[in-house]
Amino acid sequence: MLQRLTDLVRRVKNALAHGEKLYWVCPLIKESENIDLTAASKLVEFLGQHFGTAVSLMHGQMSAAHKAMVIANVKKGTTRLLFATTVLEVGVDMPDASIIIIEHAERFGLMQLHQLRGRVGRSNKPSFCILLYKEPLSKIAAARLDLMRKSENGLRIAEDDLRLRGEGELLGTKQSGVPDFRFANMEAHQDLLKIARHDAIFFFRMTKS
C-alpha cells in the first residue's frame with residue numbers, strides 16, 4: 001500500500017472536516033499482474049471506509065450517464081473527494097478544489113503532471129499538489145519530479161519536458177527520443193531553426209506571389 005498512508009489519510013480527513021474538496025488521481029482502474037500500480041477501485045474501497053459517501057470514483061470506462069451523475073454530485077458538493085484517472089483533465093471542474101494527490105507520479109510526463117496540478121488553485125484558497133511515487137526512481141523520473149517542485153511556469157516545463165524526453169521523429173511515428181540527425185541538435189540549434197523557419201516561410205510566399 002502507499003507509503004505514509006496513515007499520514008495522508010489524516011491530512012485528507014482534516015481537509016474534508018474543513019469543507020475542502022480534493023482530487024486523487026490514479027493511473028489504472030484494475031490491478032494488473034504485470035504492472036505494480038495501485039488500482040483506483042481498490043483504493044476507493046479502502047478509503048471509503050474512512051471518508052464514507054464523500055468519496056466517488058470516475059474513469060474512462062464508465063458510461064456517459066454514470067460520469068454525468070458523478071459530475072453532478074461534484075457540483076452539488078455531495079462528492080468532495082473525487083478519485084479519478086486522467087479522465088478528469090477534461091469535463092470535470094471543481095473550482096474550489098484545494099488539494100490534488102497524484103499517485104505514481106513518476107509514471108506521468110511533465111506536461112501531464114502540470115495539467116493535472118492546474119485542476120486546483122482556481123479560487124482564492126491556498127492549494128496543494130501532493131506527488132506520490134515509488135522508489136527507486138529513474139534518473140529522468142527524478143528530474144521530472146524535481147522540476148515540478150521548482151517551477152509552475154508552463155512554458156519552462158514544456159521546454160524541460162522536450163529536453164528530457166526528446167522530440168521524437170520528424171518524419172516518423174516516435175513521439176519521444178532523439179531523432180537520428182547527423183549534425184542537427186533540436187535543443188542546441190534553436191536559434192538556427194528559427195532562422196530556417198523564417199526563410200522557409202519567406203521562400204514559400206515568394207513562390208506564391
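Structure: see above.
Residues numbered from 1 in each chain as written. Predicted model: local features only at pLDDT ≥ 70, side-chain atom pairs only at ≥ 80, totals over all residues. Heavy atoms only, no water.

Q: Could you clarify how one ought to interpret the overall build of the protein chain in this entry?
A: Helices and strands together make up the secondary structure of the protein chain, namely 7 helices and 5 strands. Each helix and strand of the protein chain, placed in order from N terminus to C terminus, yields the pattern α-β-α-β-α-β-β-α-β-α-α-α. Sequence-distant contacts in the protein chain: of pairs separated by 6 or more residues, those separated by 24 or more amount to 66%. Put simply, the protein chain shows about 13300 Å² of open surface, and 54% of that area lies on carbon and sulfur atoms. (Helix = DSSP H or I, 4+ residues; strand = E, 2+ residues; numbered from the N terminus. Contact = heavy atoms within 4.5 Å. Areas by Shrake-Rupley, 256 points an atom, 1.4 Å probe, with all protein chains shown as cover.)

Q: Explanation requested: the pairing of strand E4 (residues 97-102) in the structure shown.
A: For a regular strand, side chains alternate in direction, first toward one face of the sheet and then toward the other. Within E4, 6 of the 6 residues are buried, which leaves the element mostly enclosed by the surrounding structure. Across 5 bridges, the pairing between strand E1 (residues 21-25) and E4 is parallel. Looking at E4, one finds that Lys21 is bridged to Ala97. Here E4 runs beside strand E5 (residues 128-131); their pairing, made up of 4 bridges, is parallel. Looking across to E5, one finds that Ile100 is bridged to Cys129. As for the winding sense of the linkage, the β-α-β connection from E4 through helix H4 (residues 110-117) to E5 is right-handed. (Buried < 20%, exposed > 50% of the residue type's maximum accessible area, 1.4 Å probe, protein only. Pairing = 2+ DSSP bridges. Right-handed = clockwise from strand over helix to strand, strands pointing away.)

Q: Just to check I follow, could you spell out the layout of surface pockets for this structure?
A: Vacant regions in the atomic arrangement are exposed by a probe of water-molecule size rolled over the atoms. Here the second largest pocket defines a volume of roughly 280 Å³. Counting residues per element, the ones that place at least two in the lining of the second largest pocket are H4, E5 and helix H5 (139-150). A per-element tally of the lining of the second largest pocket places E5 first, with 3 residues. Broken down by class, the residue content of the lining of the second largest pocket amounts to 5 nonpolar, 3 polar and 3 charged. (1 Å grid on protein atoms, 1.4 Å probe; cavity = no way out; pocket = protein on both sides within 12 Å on 5 of 7 lines; lining within 4 Å. Points joined across faces, edges and corners; volume = space filled by probe spheres on them. Nonpolar A, V, L, I, M, F, W, Y, C, P; charged D, E, K, R; others polar.)

Q: Just checking my understanding: could you explain the sheet that holds E4 for this structure?
A: By definition, the strands of a sheet pair up through backbone hydrogen bonds, in either a parallel or an antiparallel sense. Spatial strand order, E2-E3-E1-E4-E5: 5 strands in an open sheet with parallel pairing. The outermost strands of the open sheet, each flanked by one partner alone, are strand E2 (55-58) and E5. The sheet shows a mean angle of 15° between the axes of neighbouring strands, direction not considered. Relative to strand E3 (residues 81-84), E2 runs parallel, the two being bridged by 4 bridges. Bridge assignment links Val55 to a residue of E3, and that residue is Leu81. Strands E1, E4 and E5 of the sheet are contacted by H4, whose axis makes an angle of about 150° with E4. (Axes fitted to C-alpha atoms, helices over the stretch in contact; angles between N-to-C directions.)

Q: Explain the packing of H5 against helix H6 (residues 154-165) to me, please; I cannot follow it from the model alone.
A: The packing of two helices is summarised by the inter-axis angle and the distance between the axes. Packing of H5 against H6 brings their axes to within 11 Å, and their N-to-C directions diverge by 175°. The angle between the axes of H5 and H6 places the two elements in the roughly antiparallel class. Residues Ile140, Ala143, Arg144, Leu147 and Met148 of H5 form the contact with H6, whose own contacting residues are Arg156, Ile157, Asp160, Arg163 and Leu164. Of the residues that constitute the contact of H5 with H6, the class distribution is 6 nonpolar, no polar and 4 charged. (Parallel < 35°, antiparallel > 145°, perpendicular 65-115°, else oblique.)

Coordinates in, geometry out; function isn't part of it.
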